[in-house]
Amino acid sequence: MDHKSDKSEPADNLKLYWRENIKLVCGLLVIWFAVSFGAGILFVDILNKVQLGGVPLGFWFAQQGSILVFVVLIFVYVGRVHVIEKRFGVNDE
Amino acid sequence: MTNSAAMDTQTLTYIFVGFSFALYIGIAIWSRARSTAEFYVAGGDVHPIANGMATAADWMSAASFISMAGIIAFSGYDASVYLMGWTGGYVLLALLLAPYLRKFGQFTVPDFIGERYYSKTARVVAVICLIIISFTYIAGQMRGVGVVFSRFLELPIEWGVIVGMGIVFFYAVLGGMKGITYTQVAQYCVLIFAYLVPAVFISILMTGNPVPQLGLGSDVVGGDVSVLARLDGALVDLGFTAFTEGSKSKLDMFAITLALMVGTAGLPHVIVRFFTVPKVSDARRSAGYALVFIALLYTTAPAVGAFARLNFIHSVDEQPYAEAPGWVKTWEGIGLIAWMDKNDDGVIQYGAGAPFEGRADYTGEAGTHGERLLANKPTGAVNEIVVDRDIMVLANPEIAGLPPWVVALVAAGGVAAALSTAAGLLLVISASISHDLLKKTFRPQISERVELLAARGSAAAAIVVAGYLGINPPGFVAQVVALAFGLAACSLFPAIFMGIFFKAMNREGAVAGMVAGIIFTLSYIVYFKAPWFGAANDADHWLFGISPEGIGAVGMAVNFAVAAGVAQFTAKTPPGVRDMVDAIRIPTSVAVSEIKSGAH
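Because the structure is a prediction, the values reported are computed rather than measured.

Caption draft 1: Main features of the interface of chain B and chain A. Contact residues are listed per partner, giving 59 residues for chain B and 54 residues for chain A. Taken over both partners, the interface formed by chain B and chain A buries close to 5,000 Å², and the fraction arising from carbon and sulfur atoms is 70%. Between the two partners, chain B and chain A, sit 2 salt bridges. K250 of chain B is the salt-bridge partner of D45 of chain A, the closest N and O atoms lying 3.2 Å from each other.

As structure tokens, then:
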């Protein structure tokens, strides 16, 4: 991470940990927004020009694809946040 | 359907529903609560997978089980708001709320709001929001129970509701959260099995593909057109919008989806489930498992909806009424299908537009073909038949000609879905009264034993109110339920979210935000939905073209804006509360000074 972290204040460590968590959450929420509000609503007409196994792609995102991505997002968060917590010594397992 | 086949279905339904009730009661006796911790949060030691299943059952109500596929069948793409909205909220729960609320680790949602905003007023405002949300939601469940009982057990709706309430009374009052949790695990198994069995059967019959999710895009048996393409074609021919295209505005779709997602994350009976797992990491994982279990039903629903609509068109359009399948007449018998032979040819014509004005008003006399005559004024549309969307899932096995035991199984599944959600809602209502209002606000001196007694008493009282709402139910199941989400989105979610992520948010800001959010949203809904204002409920009259179902998204923005504004001009959050927020942000109980630098 950053070179002066060894002599940093404990309160700064809490801030650093929190900032990394927020960064991770924001990144995942961008995907969350993109598959549902983006692919399923805003750009549905353009995506519907493409077919995915007999289903128009925009319609597929709105009714099935977004749900599958949501499941993946949660488990990615569970895994990634665990790594961050371990680095800061605040993990609970 | 012959008379003996009908008897068969009914006997089987009694057996299935009766067996599932015996199972729930058995579990309740085995897992009854002995302390307030067990009554409110099941002692906090539920395994994350079990909690995921319980959350899924808690969450998937009569609206998900009975109504959703019917809504998809009749509104196609427009129904995507429910599919995305009711699942996307779990991402918000897992990433933004569940782990921190678990770390905070008390019993109820108002507990968090009361402590974080160091204020009894905030706690009481949260309790009021919670009660409004939960009763709106529970009203939707009871109609579901009533429909199942009246159709399959041929009991009057009132008796259906009373039997259902009796069962919930028994295991919610006795078992508390502990009883509910393990009953919900069983209910999840019943409802998912009941949902998937007919879906798989119908998918095989229609496409030869046993996976309904894939059947949606597969070719119809004996043709080279996919189910969706066939359905689009059939609907356009009949004058409807194509199944894969919508008629709602993009802005309204956006607002409804957002209100449902945020509302899901703000529903007290869902949040409280994450208080029951042992650790913070378990809370996150548990939200993931819950969504897996929910996704199993939610990704099947679009297929069920599309199959049902296609089957429905084939079995009624241009069919002589006298030769129509038995289910048309049974559902007509309880008033959920109505046919008006406008051109007097004895043949059912199906198409876009309402066949007659207003809700079906049966005269009580039979027509020349044996149909129930209607007193309504016919419209100019070719369409002659109107069908209640709520029957699609329940009638689906009959429409597809599946054996009676599948029909009975679906009935047991519908009851499981409605009862599990009703029980979860009753529990948060009772906990907010006995714990937040009595113990934490008005009578702090009461002993644990008295608090537990008060919890059981208020659960019993809440059941009576819910029963009344069940016998005098308002509107469509899913419609009423959808409004509860808007109310949760505009009140509880912003208060909890800001409590975790913005230390600067203070008591005054949070209280003003919740009050402004719920008053704005509730007034908008009541103005357009309640009959006494006579307001035209259509896009031309709505604010920015946003429907009452989606207004919670605007209410949430109102909450955030008012809260931020008021917090600017009032006293800062006290240092002790800032430390508490720091503490809930880390999963363990290590002191801030022990946090490592995080260097690689």
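Caption draft 2: Expanded view of the nonpolar core. Residues and elements named next belong to chain B. W59, L97 and I113 are the most contacted members of the largest nonpolar core, which has 241 residues in total. The leading source of residues in this core is helix 8 (residues 157-207), at 21 residues. Those residues in contact with W59, other than ones at most four positions away along the chain, are W86, Y90, Y137, T264, L267, V270, I294, Y298, T421 and F485. Counting residues in hydrophobic clusters, the runner-up holds 5 residues, among them A338, F356, Y362 and L374.

Caption draft 3: Quick peek at the domain arrangement of chain B. Residue and element names in this part refer to chain B. You can read the domains of chain B as domain 1 (3-308 + 401-585) and domain 2 (317-393). Placing the centre of domain 1 and that of domain 2 at their C-alpha centroids yields a distance of 33 Å. Between domain 1 and domain 2, the contact holds 22 residues from the first and 14 residues from the second. Approximately 1,700 Å² of surface area, both sides summed, lies buried where domain 1 meets domain 2, with 68% of it carried by carbon and sulfur atoms. At the junction of domain 1 and domain 2, the tally comes to 0 salt bridges.

Caption draft 4: Representation of a nonpolar patch on the surface. All names here are of chain A. A cluster of nonpolar side chains, F33, L42, F43 and I46, forms an exposed patch at the surface whose accessible area comes to about 380 Å². Here F33 lies in helix 1 (residues 10-42). Using a relative accessible area of 34% as the deciding quantity, one classes F33 as partly exposed.

Caption draft 5: Structural detail: the side chain of S134 of chain B. Summarising the element assignment, S134 of chain B is placed in helix 7 (residues 120-152). Judged by relative accessible area, S134 of chain B falls into the buried class, the value being 1%.

Caption draft 6: A look at the confidence of the model for chain A. All names here are of chain A. When pLDDT is averaged across chain A, the result is 85; 89% of the residues are at 70 or more. Strand 1 (residues 51-52) is the least confidently modelled element of chain A, averaging 80 in pLDDT, while helix 3 (residues 57-88) averages 92, the highest of any element. pLDDT under 50 marks residues 1-6. Its contacts with residues more than four places away, or in other chains, come to 10 contacts.

Reading the values: rules and limits
Residues numbered from 1 in each chain as written. Chains lettered and ligands numbered in written order. Predicted model: local features only at pLDDT ≥ 70, side-chain atom pairs only at ≥ 80, totals over all residues. Heavy atoms only, no water. Contact = heavy atoms within 4.5 Å. Buried area = accessible area lost by both parts, 1.4 Å probe. Salt bridge = Lys/Arg side-chain N within 4 Å of Asp/Glu carboxyl O. Core = buried A, V, L, I, M, F, W, Y, C linked by side-chain atoms within 4.5 Å. Buried < 20%, exposed > 50% of the residue type's maximum accessible area, 1.4 Å probe, protein only. Helix = DSSP H or I, 4+ residues; strand = E, 2+ residues; numbered from the N terminus. Domains from an automatic or database assignment. Patch = residues over 30% accessible without salt bridge, like charges linked within 9 Å, V, L, I, M, F, W, Y side chains within 5 Å. Areas by Shrake-Rupley, 256 points an atom, 1.4 Å probe, with all protein chains shown as cover. pLDDT = per-residue confidence, 0-100.

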